[in-house]
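Each chain is listed here by its residues.
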Amino acid sequence: DAERTFVMVKPDGVQRGLIGDIVSRFEDRGLKMVGGKFMQIDEELAHDHYGEHEGKPFFEGLVDFITSGPVFAMVWEGQDATRQVRRMMGETDPAESAPGTIRGDYGLDLGRNVIHGSDHEDEGANEREIALFFDEDELVDYERVD
Ligand code: CMP
């Protein structure tokens with residue numbers, strides 16, 4: 001079934017000028033962008049978004065990093081979109097990511113890994129993250145012509 005998933009180019013990806021490349025990869029794959037927002041994440045949103053990692057040793061660094069500069073938040077729609085995006089991103093650790101994946105091509109380290117996508121093994125993570133970043137009226141529907 002067609003589903004929607006949340007994807008975000010992190011501050012390192014924005015600073016390195018990778019937004020266009022990343023958007024192109026998902027467009028070329030046939031996914032449809034139904035929401036997009038260039039924005040700055042504040043402390044509160046960072047805590048809400050990464051709440052599951054609160055208390056972990058890397059949490060404070062993660063919040064500092066994700067609030068350090070603008071991000072490009074997106075919603076992509078398509079068949080099995082959450083899993084498709086995860087596969088195209090590669091592993092959380094760029095060092096473990098295959099060449100040809102976004103992190104395998106561009107990721108520097110576990111923190112500066114260029115992109116975030118909803119976890120397909122975490123039931124409802126996509127809907128939860130979309131709702132955190134987008135109002136309903138910021139998501140649009142239209143036909144993609146291939
Ligand atoms: P992301 O998919 O955005 O979700 C949580 C993020 O925490 C992850 O990508 C990494 O960028 C970041 N992170 C930093 N250090 C670690 C770590 N030791 N283990 C897992 N994730 C980490």
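Below is a short write-up of the structure. Since the model is a prediction, treat every value here as computed from it, not as a measurement. Here the residue numbering is sequential within each chain, running from 1 through the sequence in written order. Totals for whole chains, interfaces and linings use every residue, but because this is a predicted model, local features are given only for residues with pLDDT of at least 70 and side-chain atom pairs only at 80 or more, for both listing and counting. Values reported for side chains reflect all heavy atoms of the structure, with hydrogen atoms and water molecules removed beforehand.

Looking now at the site of the ligand. The full set of residues close to the ligand is Lys10, Tyr50, His53, Phe58, Leu62, Thr92, Arg103, Leu110, Gly111, Asn113 and His116. In protein, a polar contact means a hydrogen-donor-capable atom and an acceptor-capable atom, both N or O and within 3.5 Å, with residues adjacent in sequence counting only if both atoms are side-chain atoms; elsewhere, any N or O pair within 3.5 Å suffices. The side chain of Tyr50 places a nitrogen or oxygen atom 2.6 Å from an oxygen atom of the ligand. With respect to the ligand, the backbone of Leu110 contributes an N or O atom lying 2.6 Å from an oxygen atom. Under the scheme applied, nonpolar residues are Ala, Val, Leu, Ile, Met, Phe, Trp, Tyr, Cys and Pro; charged residues are Asp, Glu, Lys and Arg; polar residues are all the others, including Gly. Considering only residue class, the shell around the ligand consists of 4 nonpolar, 5 polar and 2 charged. For this purpose, a residue is taken to be near a molecule or strand whenever a single non-hydrogen atom of the residue falls within 4 Å of it.

All right, on to the sheet that holds strand 3 (residues 71–79) then. Two pairing modes exist for strands in a sheet, parallel and antiparallel, and in both the strands are linked by backbone hydrogen bonds. By this definition, two strands are paired if DSSP reports at least two bridges between them. Only DSSP runs of H or I covering at least 4 residues are called helices, and only runs of E covering at least 2 are called strands; the numbering of each starts at the N terminus. Read from one edge to the other, the open sheet built from 4 strands follows the order 2-3-1-4, with strand pairing classed as antiparallel. Looking at strand neighbours, the two that pair on one side only are strand 2 (32–39) and strand 4 (115–117), the edges of this open sheet. Neighbour-to-neighbour, the strand axes of the sheet open up by a mean angle of 20°, direction not taken into account. The pairing of strand 1 (residues 2–9) with strand 4 spans 3 bridges and is antiparallel. Helix axes use the C-alpha atoms of the stretch in contact, all axes being lines fitted to C-alpha atoms, and the angles between their N-to-C directions lie in the range 0 to 180 degrees.

Quick look at the packing of helix 2 (residues 19–29) against helix 5 (residues 81–89) now. Between helix 2 and helix 5, the least distance of the axes is 12 Å, while the angle of their chain directions is 130°. Considering their axes alone, helix 2 and helix 5 lie oblique with respect to each other. In the crossing of helix 2 with helix 5, the sense of the turn from one axis to the other is right-handed. Here helix 2 contributes Arg25, Phe26 and Arg29 to the contact with helix 5, which in turn contributes Gln84, Val85, Arg87 and Met88. For classification, angles of less than 35 degrees are called roughly parallel, those exceeding 145 degrees roughly antiparallel, those between 65 and 115 degrees roughly perpendicular, and all remaining angles oblique. Two helices crossing with the near one rotated counterclockwise from the far one by less than a right angle form a left-handed crossing, whereas a clockwise rotation gives a right-handed crossing. We call two residues in contact when some of their heavy atoms are within 4.5 Å.

Ranked by size, the top nonpolar core spans 19 residues in total, and within it Phe6, Met8, Met39, Ile41, Phe133 and Phe134 carry the most contacts. Elements represented by at least two residues in this core include exactly strand 1, strand 2, helix 3 (43–49), helix 4 (59–66), strand 3 and helix 7 (125–133). In terms of residue count, helix 4 provides more of this core than any other element does, 4 residues in total. Apart from the residues within four sequence positions on either side, Ile41 is in contact with Met8, Ala46, Ile66, Thr67, Val71 and Phe133. Of all hydrophobic cores here, the second largest spans 18 residues; its members include Val7, Val9, Met74 and Met88. Among buried residues, those of type Ala, Val, Leu, Ile, Met, Phe, Trp, Tyr and Cys that are joined through side-chain atoms within 4.5 Å constitute a nonpolar core. Any residue under 20% of the maximum accessible area for its type is buried, any over 50% is exposed, and the rest in between are partly exposed; the area is computed with a 1.4 Å probe on protein chains only.

With that settled, the discussion passes to the environment of Asp105. Mapping Asp105 onto the fold places it in helix 6 (residues 102–106). For Asp105, a relative accessible area of 36% puts it in the partly exposed group. Between the alpha carbons of Asp105 and Gly90 there is a distance of 9.3 Å; along the sequence they are 15 residues apart. Those residues in contact with Asp105 that lie beyond four places of it in its chain are Arg25, Pro99 and Gly100.

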